[in-house]
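Each chain is listed here by its residues.
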Amino acid sequence: MTATLMRAEIGEQPAALARLLTGRAPVDDVAARIRAAAPRFVLLAARGTSDHAALYAKYLIETTLGLPCGLASTSVYTAYDRQPDLHGVLWIAVSQSGGSPDLVESTERARAGGALTLSVTNTGDSPLGRASELRIDILAGPERSVAATKTYTSSLLALWLLVRAWAELDIQPADRLVEDVEAALQADVDDVASRYRFVDKLVTTSRGYAYPTAREAALKLMETCYLSAHAYSGADLLHGPLAMVDQDRPVIAVVPEGPGGRALEPVLAALEERGADICLVAPGTNAHAAPARIVLPTGMDEQLAPIVQIVPLQRLACAMAVSRGFNPDQPRGLKKVTQTF
């Protein structure tokens, strides 16, 4: 395969994750501050790839901490110039660059409205970091490709570490994480890349913690391969969009072990009934027959599995972009820091 920055940065993920696991003490300190503040609600603010990390955090917070959690609409603060009362709220802004003006302004307003504010970024001294009371550096290192890869997985791990520390749980489930990511870097994606090289539309789907993986995979395919990729929760897929699925619109289904995977079973059955061209991204123990498959390690913790699941899908997007003659490092019309207001 042609050498690209995106491919190189995908390969840096085991080292980046190991660095964060080793240097997690600042995350523990932030968690202690949050625990002392005892927020009753959490709001997450993000854009693009970071929005999928925020959605992952929403699942973590609600299932692990039992707190209600929502995704903030930053336009409430920017376009509509409103100032909600946010006393008792933890506001978490996730941004690899920390430079998006709408995230900075909405975080400043959240803090003025009484929220405890936290930024999760890959840039220690960023406008968003300065706007927040608390800060977490995900320690991913410089990322030069426009398509975010290692900053995404490091954001997921940072958010998982935060929730674990907040709940005063140990991080033993992460003992094999780096090893599993290394295995995902070796998973065969070439056959799938060849199979879908010329497709112009596809669907991605999953349930639970893996649903953000489906959304992030769709984004990577759209921004690097310029195809139309629609991401749906498996439940939402059955509520109408299933009608558009046929053998000419491939479906990439991320199937975890655990409740999320079991919840996806009726969706897989419905897709099979429609004769869909399904690519399963699943552990090798998954018994479903599918025209295409990307095999993942077995026995992964379901909360941590999204950090592993996305890796071969990043590689798939990179391989498909190169095979189509595109440069995944510099997608047309995109920049590393997106200025939204």
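Right above here is the structure, for reference.
Quick summary incoming for the structure in this document. (Residues numbered from 1 in each chain as written. Predicted model: local features only at pLDDT ≥ 70, side-chain atom pairs only at ≥ 80, totals over all residues. Heavy atoms only, no water.)

1. Let's talk about the nonpolar core
Move 1: If you look at the biggest cluster of nonpolar residues, it comprises 85 residues, and the most contacted ones within it are Ile92, Leu118 and Leu157.
Move 2: The element that contributes the greatest number of residues to this core is helix H13 (residues 305-323), accounting for twelve residues.
Move 3: The contacts of Ile92, once residues within four sequence positions are left out, are Val42, Leu43, Leu44, Ala45, Ile61, Leu118, Val120, Leu159 and Leu162.
Move 4: Among the nonpolar cores identified, the runner-up in size contains 16 residues, and Leu242, Ala253, Val267 and Ala282 belong to it. (Core = buried A, V, L, I, M, F, W, Y, C linked by side-chain atoms within 4.5 Å. Buried < 20%, exposed > 50% of the residue type's maximum accessible area, 1.4 Å probe, protein only. Helix = DSSP H or I, 4+ residues; strand = E, 2+ residues; numbered from the N terminus. Contact = heavy atoms within 4.5 Å.)

2. Some thoughts on the sheet that holds strand S4 (residues 116-121)
Move 1: Pairing is parallel in the open sheet, where five strands are placed in the order S2-S1-S3-S4-S5. Single-partner strands in this sheet number two, and they are strand S2 (69-71) and strand S5 (134-137). Direction aside, neighbouring strands of the sheet carry axes that sit 20° apart on average.
Move 2: By the bridge criterion, three bridges tie strand S1 (residues 41-46) to S2 in an arrangement that is parallel. Following the sheet pairing, Leu44 is matched in S2 by Leu71.
Move 3: In the packing of helix H5 (residues 101-112) onto the sheet, contacts are made with S1, strand S3 (89-95) and S4, and the angle to S3 comes to roughly 165°. (Pairing = 2+ DSSP bridges. Axes fitted to C-alpha atoms, helices over the stretch in contact; angles between N-to-C directions.)

3. So, the packing of aromatic side chains
Each pair of aromatic rings is reported with the distance of its centres and the angle of its planes.
Move 1: Summed over the entire model, instances satisfying the criterion amount to three aromatic pairs.
Move 2: Summarising the aromatic geometry, the rings of Tyr77 and Trp91 are spaced 5.4 Å apart at their centres and angled 85° between planes, so their arrangement reads as edge-to-face. Separated by 14 residues along the polypeptide, Tyr77 in the loop between S2 and S3 and Trp91 in strand S3 bring together distant segments of the chain. Each member of the pair, Tyr77 as well as Trp91, carries the same accessibility label: buried.
Move 3: Ring geometry for Tyr226 against Phe326: centres 4.5 Å apart, planes inclined by 50°, an arrangement best described as tilted. Separated by 100 residues along the polypeptide, Tyr226 in the loop between helix H10 (211-225) and strand S7 (228-233) and Phe326 in the segment after H13 bring together distant segments of the chain.
Move 4: Looking at Tyr226, the relative accessible area reads 24%, which means it is partly exposed.
Move 5: The partly exposed category is assigned to Phe326, whose relative accessible area is 28%. (Phe/Tyr/Trp six-rings, centres within 6.5 Å; stacked < 30°, edge-to-face > 60°.)

4. Some points on the pairing of S3
Move 1: Buried residues dominate S3, accounting for seven of its seven residues.
Move 2: Alternating positions in S3 separate into two faces, Val89, Trp91, Ala93 and Ser95 on one and Leu90, Ile92 and Val94 on the other, with burial throughout.
Move 3: Relative to S3, S1 runs parallel, the two sharing six bridges. Residue pairing for S3: Leu44 is matched across the bridge by Ile92.
Move 4: Here S3 runs beside S4; their pairing, made up of six bridges, is parallel.

5. Here we look at the pattern of salt bridges
Move 1: Inspection of every chain in the model, using the stated rule, returns 15 salt bridges.
Move 2: Taking the shortest distance from any N to any O, the salt bridge between Arg33 and Glu133 comes out at 3.2 Å. Linking Arg33 in helix H3 (residues 25-37) with Glu133 in the loop between helix H6 (127-131) and S5, this pair joins segments that are 100 residues apart in sequence.
Move 3: One salt bridge in this structure joins Asp81 and Arg109, with 2.6 Å as the shortest N-O distance. (Salt bridge = Lys/Arg side-chain N within 4 Å of Asp/Glu carboxyl O.)

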